[in-house]
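Here is how the chains run, residue by residue.
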Amino acid sequence: MKFSIAVFKDQNSSRLFVGQFISQICDKMMTLGLVWVISQEQSIQMVPWFLAIGALPHLLLASIGGKLVQRIGVLRTLIHTDVLRGIIFLLVGLLWLAYFKHHSLTTLFILTFVSNLLGALFNIAVFTLPGLMPKKELVPQLTAMVDSCFSLGTVVGPAISALLYPWLGLSGLLILNGLSYLLAAALEGGIRLDPADPETVEPEPANADMAPAIPGRSMFADPLIRFMLSAFFLMNLALTPLMALLPLFVQTRFAGNLAMLAAFEVSIGLGMVAGSLLLSVAEFPLKRGKRAIAGLSAVSLLYLFFGLNHNPVLACLALAGLGLALAIVNVSLLTLFQSRPAPADVPVVMSWVNTISIGALPLSMLMVGSLIEKIDLTKMTICLALGLLTISLATAFYREFREI
């Protein structure tokens, strides 16, 4: 294993990392703040609807999000979506007490829909961007670096929100979030792309159907891409219930309290951060496919160990290890989705990756809700862990994936 911090020394990469580190923390901080306000000032029954409204734009843009990013340009999409989100949050924050507080529920629902509409395009662009950077050798490390920002936001954002909300109130959080987006956009404005890679895609000519086929042009014509997108969906479907069932584990298995739940969630979050940061500075001897297979096998076994364990300390260690292995799997697959398709198709692939990540949540919740009264918690966990192990074995038998 070789270690290098070259990705942190590269100006393009460091600008993207710092901007995303700040904006992701503030974004997660804002999400928790909005959920808290709705649950306290409105009704806790409105929270699932609020979260559903936030997921809806990602699903609506599933088939067209990638094409929109192609037309606008990857870096321009990144900058423009951050600028727009910054202006929107800043205006709502500044005018909250004077105008919007009197219609708070409607305002927050509209705000989360618009923010996630822009966020869906942003997510597609930010994971497409590494492949357009001048230093191609840093693409895997940069992808891991970006992924670590999302994980860091999940861990640090809620903690900062809990500290700042009593001082700043919702209007203060809105203003702070708006400023973070504008700062991220300013940093992204200094990124320089490889001039050899077109950032936008010109419309197809009228007689495009008569043109010779370009190898790899259609992602759906590539059996490996189809297979791995399906595997990625099934992985998310099996893993999402883990976070949903954590409160139930704390109450029934460990007889714990809110502090234990926080410890469990922080453990998995820190594991993911550690895994992403490790991949941003380390070069593993294993090929990408074998690395993903090993990581997914580790996730399955640690998932099973957590489900059967009764010791809170060992449970935290299992979740931390699971998070680390999961980060390795995610970065390996993201790098595959960046490098395997034709460059013009990468935003389209990333659009489906983003949709799968968001869409798996409601499907998993439906699955858990329909089974939780009929099947024991331990048995459900065993079934989900064995399902993940089956996916790992299926990918291991796919020779082309093993060899990439």
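Just so it is clear, the model here is predicted, and its values are computed rather than measured.

Reading the values: rules and limits
Residues numbered from 1 in each chain as written. Predicted model: local features only at pLDDT ≥ 70, side-chain atom pairs only at ≥ 80, totals over all residues. Heavy atoms only, no water. Helix = DSSP H or I, 4+ residues; strand = E, 2+ residues; numbered from the N terminus. Buried < 20%, exposed > 50% of the residue type's maximum accessible area, 1.4 Å probe, protein only. Contact = heavy atoms within 4.5 Å. Core = buried A, V, L, I, M, F, W, Y, C linked by side-chain atoms within 4.5 Å. pLDDT = per-residue confidence, 0-100. Expected span 1.5 Å × (residues − 1). Polar contact = N/O pair within 3.5 Å; in protein donor to acceptor, adjacent residues only side chain to side chain. Salt bridge = Lys/Arg side-chain N within 4 Å of Asp/Glu carboxyl O.

Caption draft 1: Geometry of the overall build of the protein chain. Within the protein chain, the regular secondary structure consists of 14 helices and two strands. Within the span of the protein chain, comprising 404 residues, buried residues form 50% of the whole. By sequence separation, contacts in the protein chain at least 24 residues apart represent 85% of the contacts at least 6 residues apart.

Caption draft 2: Expanded view of the nonpolar core. If you look at the biggest cluster of nonpolar residues, it comprises 76 residues, and the most contacted ones within it are Leu16, Leu129, Phe264, Phe306, Phe337 and Leu388. Of all hydrophobic cores here, the second largest spans 17 residues; its members include Val37, Phe50, Trp96 and Leu174.

Caption draft 3: Spotlight on the confidence of the model for the protein chain. Residues of the protein chain with pLDDT of at least 70 account for 88%, and the chain-wide mean is 82. Averaged pLDDT values for the elements of the protein chain fall to 70 in strand 1 (residues 2-3) and rise to 93 in helix 5 (residues 74-94). Counting interchain partners and residues more than four positions distant, the pLDDT-below-50 stretch residues 201-217 has twelve contacts.

Caption draft 4: A look at helix 5. Its 21 residues place the ends of helix 5 30 Å apart at the C-alpha level, agreeing with the 30 Å of an ideal helix rising 1.5 Å per residue. All buried positions along helix 5 are accounted for by Val74, Leu75, Thr77, Leu78, Thr81, Asp82, Arg85, Gly86, Phe89, Leu90, Val92 and Gly93.

Caption draft 5: Quick look at helix 11 (residues 312-339). Taking 1.5 Å per residue as the helical rise, helix 11 with its 28 residues ought to reach 40 Å, and the 41 Å between its terminal C-alpha atoms agrees with that figure. Counting buried positions along helix 11 yields 20 of 28 residues, so the element is predominantly enclosed. For helix 11, the capping residue at the N-terminal end is Asn311, with a side-chain oxygen 2.8 Å from the backbone nitrogen of Val313.

Caption draft 6: Region of the structure containing the pattern of salt bridges. Summed over the entire model, instances satisfying the criterion amount to five salt bridges. The partner of Asp222 in a salt bridge is Arg340, with the nearest N and O atoms 2.7 Å apart. Within this pair, whereas Asp222 is found in the loop between helix 7 (139-188) and helix 8 (223-253), its partner Arg340 is found in the loop between helix 11 and helix 12 (346-371), the two being separated by 118 residues in sequence. Accessibility expressed as a relative area gives 28% for Arg340, which makes it partly exposed. Between Lys287 and Glu403 there is a salt bridge, and its shortest N-O distance comes to 3.2 Å. Note that Lys287 is positioned in the loop between strand 2 (282-283) and helix 10 (288-308) and Glu403 in the segment after helix 14 (399-402), a separation of 116 residues in sequence. Residue Glu403 is classed as partly exposed on the basis of its relative accessible area, which comes to 37%. Each of Asp222, Arg340 and Glu400 takes part in salt bridges that share partners, so that together they form one network.

Caption draft 7: View of the side chain of Arg85. You can see Arg85 is positioned in helix 5. Among the residues examined, Arg85 registers a relative accessible area of 7% and is labelled buried. One polar contact links Arg85 to Asp82, side chain to side chain, over a distance of 2.8 Å. Those residues in contact with Arg85 that lie beyond four places of it in its chain are Ser115, Leu118, Gly119, Phe122 and Tyr181.

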